[in-house]
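# Breakdown of the fold
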Amino acid sequence: MKALNLLRTVERSVLIALFLIMVFLYTGSVVTREIGGTFASRFAWIEEAVRIMNLFLVFLALGLALERGKHVGITNMRDRLPAPLLKALLKLIDVVGLCVSLYVAWLALDLVQFVLKSGQKSPTLGVPMGVIYLAPVAGFLLLGLRYGLSLMGLIDRYQEATE
């Protein structure tokens, strides 16, 4: 559990840092465009950097959102099930979620390798596009980890549903 707590702390810290950097950069970009004149063209890379950071922000938050029960779910039928059937359904959801998450991460990793081989780079930053495609790989691996932990009973993401 110490490792999981450390992972949560790292995830939160990275997400907060990404968000604050995005806000700072985008605000600076707007101010520069308003008062900078031709000088503002030197900061065209900020738009692309913020877009890339936003991708990582969304995908890296998948696991934390699942663990906290913040993913969208249709609960009206689930809440009416008897306890034994509900437990079985919740385990089935975790198994399917784990399998789908790992499959999407695997597909995304194939895409990363394909794009890296193409040599494609982002227009203003010059970052290899394959690096950008690492966001879904990391995000879905973190999501799969949370589904696996829920399946093994190490986290209870259904706390309200089972009470």
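Here the structure is shown first, and the text comes after it.
Below: a short report on this structure. (Residues numbered from 1 in each chain as written. Predicted model: local features only at pLDDT ≥ 70, side-chain atom pairs only at ≥ 80, totals over all residues. Heavy atoms only, no water.)

### As for the packing of helix H2 (residues 45-60) against helix H6 (residues 134-151)
Heads up, the rule is: Axes, fitted as lines to C-alpha atoms, cover a helix only where it is in contact. Angles between the N-to-C directions of the axes lie from 0 to 180 degrees. Every helix listed is a DSSP run of H or I at least four residues long, and every strand listed is a run of E at least two residues long, numbered separately from the N terminus. Angular relationships are summarised with four words: roughly parallel below 35 degrees, roughly antiparallel beyond 145, roughly perpendicular across 65 to 115, and oblique for the angles in between. Crossing handedness: left-handed means the near helix sits turned counterclockwise from the far one by under a right angle, and right-handed means the same turn made clockwise. Contact criterion: two residues are considered in contact whenever any of their non-hydrogen atoms come within 4.5 Å of each other. Classes in brief: Ala, Val, Leu, Ile, Met, Phe, Trp, Tyr, Cys and Pro nonpolar; Asp, Glu, Lys and Arg charged; the others, Gly included, polar.
Two elements in contact, H2 and H6, have axes whose closest approach is 8 Å; the angle formed by their N-to-C orientations is 15 degrees. Comparing their axes, H6 and H2 come out roughly parallel. Along this stretch, H2 crosses H6, giving a crossing that reads as right-handed. The residues of H6 that touch H2, namely those facing Leu 55, Phe 56, Phe 59 and Leu 60, are Leu 134, Ala 135, Pro 136, Ala 138, Gly 139, Phe 140 and Leu 142. Tallied by class, residues from the contact of H2 with H6 come to ten nonpolar, one polar and no charged.

### Side note on H6
Given 3.6 residues per turn, any residue in an α-helix points the same way as the ones three and four places further on. Condition: To estimate the expected span of a helix, subtract one from its residue number and multiply by 1.5 Å. Only protein chains enter the calculation, and the probe is 1.4 Å; a residue is then buried if its accessible area is under 20% of its type maximum, exposed if over 50%, and partly exposed in between.
Its 18 residues give H6 an end-to-end C-alpha distance of 26 Å, which sits within 8% of 26 Å, the value for a rise of 1.5 Å per residue. The buried count for H6 comes to 13 of 18 residues, which makes it a mostly enclosed element. Backbone geometry just downstream of H6 places Gly 153 in the positive-phi region, at approximately 85 degrees.

### Some points on helix H1 (residues 2-35)
Between its terminal C-alpha atoms H1 stretches 49 Å, which fits the 50 Å expected from 34 residues at 1.5 Å a residue. For H1, the secondary structure elements touched by its buried residues are H2, helix H3 (62-67) and H6. With its phi angle positive at about 65 degrees, Gly 37 sits one or two positions after the end of H1.

### Let's talk about the packing of aromatic side chains
The cut-off we apply is this: Geometry of aromatic contacts follows a simple scheme: Phe, Tyr and Trp rings, the Trp one being its six-membered ring, pair when their centres are within 6.5 Å, and the pair is stacked under 30 degrees between planes, edge-to-face over 60, tilted otherwise.
For the structure on display, the rule yields two aromatic pairs. Note on Phe 59 and Phe 140: the rings are 6.0 Å apart at their centroids and 50 degrees apart in plane angle, and the pair reads as tilted. Within this pair, whereas Phe 59 is found in helix H2, its partner Phe 140 is found in helix H6, the two being separated by 81 residues in sequence. On the numbers, 5.9 Å between centres and 40 degrees between planes, the contact of Tyr 103 with Trp 106 is tilted. Remark: Trp 106 and Tyr 103 occur in helix H4 (residues 83-118); sequence separation between them is three residues, near one turn of the helix. We classify Tyr 103 as partly exposed; its relative accessible area is 46%. Trp 106 gets classed as partly exposed once you look at its relative accessible area, which sits at 49%.

Any functional reading would require information that these geometric values do not contain.
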